[in-house]
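Coordinate analysis (summary)
Residue strings, one per chain:
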Amino acid sequence: MYLGLDLGTSGVKSLLMDADQKIIGSGHGSLDVSRPHHGWSEQDPGDWIRATEDAIAELKAAHPNELSAVRGIGLSGQMHGATLLDAAGKVLRPCILWNDTRSFAEAASLDADPRFRKITGNIVFPGFTAPKLAWVKANEPDIFAKVAKVLLPKDYLRLWLAGEYISEMSDSAGTSWLDVAARRWSPELLAATGLGTEHMPSLAEGTDKAGTLRGELAAKWGMGQGVVIAGGAGDNAASACGMGTVKPGAAFVSLGTSGVLFAANGAYLPNPASAVHTFCHALPNAWHQMGVILSATDSLNWLSTITGKDAGELTGELGDELRAPTGVTFLPYLSGERTPHNDAAIRGSFTGLAHEVDRAGLTQAVLEGVAFAFRDSLEALASAGTTLTRVTAIGGGSRSRYWLKSIATALGLPVDIPADGDFGAAFGAARLGLIAAEAADPHQVCTLPATAETIEPVAALAGAYDEAYQRYRKLYPAIRGTM
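Given the structure is predicted, the values throughout are model-derived calculations rather than measurements.

1. So, the overall build of the protein chain
Along the protein chain, the regular secondary structure elements total 18 helices and 24 strands. Against the 2.2 N^0.38 benchmark of 23 Å for 483 residues, the protein chain shows a C-alpha radius of gyration of 22 Å, consistent with a compact globule. Projected onto its principal axes, the C-alpha coordinates of the protein chain cover approximately 70 × 50 × 40 Å. Here the contacts in the protein chain between residues at least 6 apart in sequence split such that 72% fall between residues at least 24 apart. Surface accessibility of the protein chain: about 17800 Å² in total, with carbon and sulfur atoms responsible for 51%. On the protein chain, the mean spot of the 39 positive side-chain charges and the mean spot of the 51 negative ones are 3 Å from each other.

Listed below in structure tokens is the structure:
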């Protein structure tokens, strides 16, 4: 058996998988986010341990005998969080999370230093870890002076599980301190925030053995001795392992609250100017790129709140056949945008409204706006040298066939729908646990799921979609600076 633990923002998921990669069961532990000030987002790392205990207890209650057969544990987690520890390993303050925006000024200052984009291959976003430490140094100097180690959230779980200060490449690539091409910490970038390599955990690949479960916890959970803990992965790279998106050219589109167009690469292909994320993958000698849009299903959920109709009712009013774009255009920038604009101030808009536009017309525009935002990410990936031939759809929004037809037509790519199953980050983490415990071939473990259905672009509407996309592209420069 192999256990995957995924530390998300709203909870911890445990997933148990056997040697044939059949999912045996799962458990969950809830988490809350503290927002003590505008733009702040924090969690107590102690709550991560409590939620993990809850998730494993639920799994143990349903599958007590199977836990005794666990040989490997994989970790996945929310990225970018700044978990600050003193010399005794004590937490100094609540963890500053990925969606905390307080360090926007520090991020801009670091990004203005050309070394950061050159060495990391990425813009320094306010959500990344380095600007958070710069903020702590400027605003909480007494705490900064006590910092002995900086850990990412899942790696704080590893410290509890194994007593080791270890991170891995995919998660560390989102700190703004990693030399992403060389896969090592950059002393130069750490020094720019008043830190050194001694403040960082050691680095492993996601497939490496990176700790052993402490005997006390093994006994508590009914596991044997010597349970291997894998390096693991940041949440998107772990999801990619779960989806089998590991070979160059493989890609998925995630229609969740936010949206991700994720592409696996066999080489380091940075393009920071386009706001594409270029990170190490969880597998050795592999990288990945991501275009990120901040409001995917969130855009449809917003319209649902406005109209009083749930998302399924709204998309159901459109029927099954893809409609040609109308003159109504929606920009899905409800909370700013990441790729390709890196604009936290921009906000969404409808244009082209007329008397005859009804609720279904607004829904259609919202779905198209998100599809065109993914097209922006596709264009950004192409400018970085990545060409895609098809994508696999995951996330709650992928239940809408109409939306998938719109995305396929906007991208000009077939969209595969996987057969039923759980291919998320916890499953990917369990796969990494298997690889580390058994020294297995990552490419034989991280296989693609069976395809239940393929949504092809609607060729008859390709021209109309291209025209609508060009109209969409012209609107951002027109409204930028008016917010």
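2. Comments concerning the packing of aromatic side chains
Here the structure, examined in full by the defined rule, presents 14 aromatic pairs. A ring pair is formed by F125 and F128, whose centres lie 5.3 Å apart and whose planes are at 70°; its orientation type is edge-to-face. Here F125 and F128 have matching classes, each one buried. Ring geometry for W302 versus F350: centroids 6.2 Å apart, planes at 35°, classification tilted. Linking W302 in helix 12 (residues 297-307) with F350 in strand 21 (residues 349-351), this pair joins segments that are 48 residues apart in sequence. Under the relative-accessibility criterion, F350 is labelled partly exposed at 22%. Members of the aromatic cluster, joined through ring pairs, are F372, Y465, Y469 and Y472. The side chain of R102 reaches across the aromatic face of W40, ending 3.5 Å from its centre. If you follow K149 out to its NZ or CZ, it ends over the ring of Y165, 5.5 Å from the centre.

3. Notes on the packing of helix 14 (residues 359-383) against helix 15 (residues 401-411)
For the pair helix 14 and helix 15, the least separation of the axes is 9 Å and the interaxial angle reads 40°. Taken together, the axes of helix 14 and helix 15 are oblique relative to one another. Where helix 14 crosses over helix 15, the two elements pack in a sense that is right-handed. Judged by residue contacts, Q364, L367, E368, V370, A371, F372, F374, R375 and L378 of helix 14 engage Y402, W403, S406, I407, A410 and L411 from helix 15. Here the contact of helix 14 with helix 15 is composed, by residue class, of eleven nonpolar, two polar and two charged.

4. Overview of the pattern of salt bridges
Applying the stated criterion to the full structure yields 23 salt bridges. E42 is paired through a salt bridge with R93; the nearest N and O atoms lie 3.1 Å apart. Of this pair, E42 sits in strand 4 (residues 42-43) while R93 is found in the loop between strand 6 (83-85) and strand 7 (95-96), placing the two residues 51 residues apart along the sequence. The exposure classification of E42 matches that of R93, with both residues buried. We note a salt bridge from R50 to D54, for which the minimum N-O separation is 3.4 Å. Remark: D54 and R50 occur in helix 1 (residues 45-62); sequence separation between them is four residues, near one turn of the helix. Its relative accessible area of 35% is what places R50 among the partly exposed residues. Bridged by salt links that share partners, the residues E42, R93, D100, R102 and E140 form one connected network.

5. Let's talk about the pairing of strand 18 (residues 277-280)
Both strand 18 and strand 19 (residues 287-293) contribute to a ladder of four bridges, which runs antiparallel. From the neighbouring strand, F279 faces strand 19, where its bridge partner is H288. Taken together, strand 18 and the strand that follows it, strand 19, pair antiparallel across an intervening segment of six residues, in which N285 is found at a positive phi of about 55°.

6. Focus: the nonpolar core
In a soluble, globular protein the nonpolar side chains are often hidden away together inside. Membership of the largest hydrophobic core comes to 67 residues, with the highest contact counts inside it found for L133, V150, W177 and L195. In terms of residue count, the dominant contributor to this core is helix 16 (residues 425-438) (nine residues). With near-sequence residues (within four places) excluded, L133 lies in contact with A82, L84, F144, V150, W177 and L195. Counting residues in each nonpolar core, the second largest holds 52 residues, with L300, L381, V391 and Y472 among its members.

7. What to know about the packing of helix 11 (residues 235-243) against helix 16
One way to put it is that helix 11 packs onto helix 16 with a least axis distance of 7 Å and a crossing angle of 75°. On the basis of the axis angle, helix 11 is roughly perpendicular to helix 16. Within the contact between the two elements, helix 11 uses D235, A238, S239, C241, G242 and M243 and helix 16 uses A425, F427, G428, R431 and L432. Tallied by class, residues from the contact of helix 11 with helix 16 come to six nonpolar, three polar and two charged.

8. Some thoughts on the sheet that holds strand 16 (residues 251-255)
Pairing within the open sheet is mixed, and its seven strands lie in the order 18-19-17-16-22-23-24. Every other strand in the sheet has two partners, leaving strand 18 and strand 24 (451-455) as the edge strands with one partner each. Across the sheet, the axes of successive neighbouring strands diverge by a mean angle of 25°, strand direction being ignored. Pairing between strand 16 and strand 22 (residues 391-394): three bridges, direction parallel. The partner of V253 across the bridge, within strand 22, is A393. Relative to the sheet, helix 15 contacts strand 16, strand 22, strand 23 (415-418) and strand 24, its axis offset from that of strand 24 by approximately 60°.

9. Considering the state of the cysteines
The term disulfide refers to a covalent linkage connecting the sulfur atoms of a pair of cysteines. Overall, the coordinates contain zero disulfides when judged by the stated rule. Of all cysteine sulfurs, the one in C241 lies closest to C280, which takes part in no disulfide; the gap is 13 Å. For C446, which is in no disulfide, the shortest distance to another cysteine sulfur is to C241 and amounts to 4.5 Å. When its relative accessible area of 2% is taken as the criterion, C446 is described as buried.

10. Section: the pairing of strand 5 (residues 72-77)
Judged by how many residues are buried, strand 5 sits mostly within the fold: six of six residues are covered. Burial along strand 5 is two-sided: the face carrying G72, G74 and S76 and the face carrying I73, L75 and G77 are both buried. Sheet analysis places strand 1 (residues 2-7) next to strand 5, joined by six bridges and oriented parallel. Following the sheet pairing, D6 is matched in strand 5 by S76. By the bridge criterion, two bridges tie strand 5 to strand 14 (residues 228-230) in an arrangement that is parallel. Within strand 14, the residue paired with I73 across the bridge is I229. Both strand 5 and strand 15 (residues 233-234) contribute to a ladder of two bridges, which runs parallel. Residue pairing in the sheet places G77 in a bridge with G234 of strand 15.

The rules we used
- Residues numbered from 1 in each chain as written.
- Predicted model: local features only at pLDDT ≥ 70, side-chain atom pairs only at ≥ 80, totals over all residues.
- Heavy atoms only, no water.
- Helix = DSSP H or I, 4+ residues; strand = E, 2+ residues; numbered from the N terminus.
- Rg over C-alpha atoms; globule rule 2.2 N^0.38 Å.
- Contact = heavy atoms within 4.5 Å.
- Areas by Shrake-Rupley, 256 points an atom, 1.4 Å probe, with all protein chains shown as cover.
- Lys, Arg positive; Asp, Glu negative; His and termini not counted.
- Charge placed at Lys NZ, Arg CZ, Asp CG, Glu CD.
- Phe/Tyr/Trp six-rings, centres within 6.5 Å; stacked < 30°, edge-to-face > 60°.
- Buried < 20%, exposed > 50% of the residue type's maximum accessible area, 1.4 Å probe, protein only.
- Lys NZ or Arg CZ within 6 Å of the ring centre and 35° of its normal.
- Axes fitted to C-alpha atoms, helices over the stretch in contact; angles between N-to-C directions.
- Parallel < 35°, antiparallel > 145°, perpendicular 65-115°, else oblique.
- Left-handed = near helix turned anticlockwise from the far one by under 90°.
- Nonpolar A, V, L, I, M, F, W, Y, C, P; charged D, E, K, R; others polar.
- Salt bridge = Lys/Arg side-chain N within 4 Å of Asp/Glu carboxyl O.
- Pairing = 2+ DSSP bridges.
- Core = buried A, V, L, I, M, F, W, Y, C linked by side-chain atoms within 4.5 Å.
- Disulfide = S-S within 2.5 Å.

On their own, these measurements won't tell you what the molecule is for.
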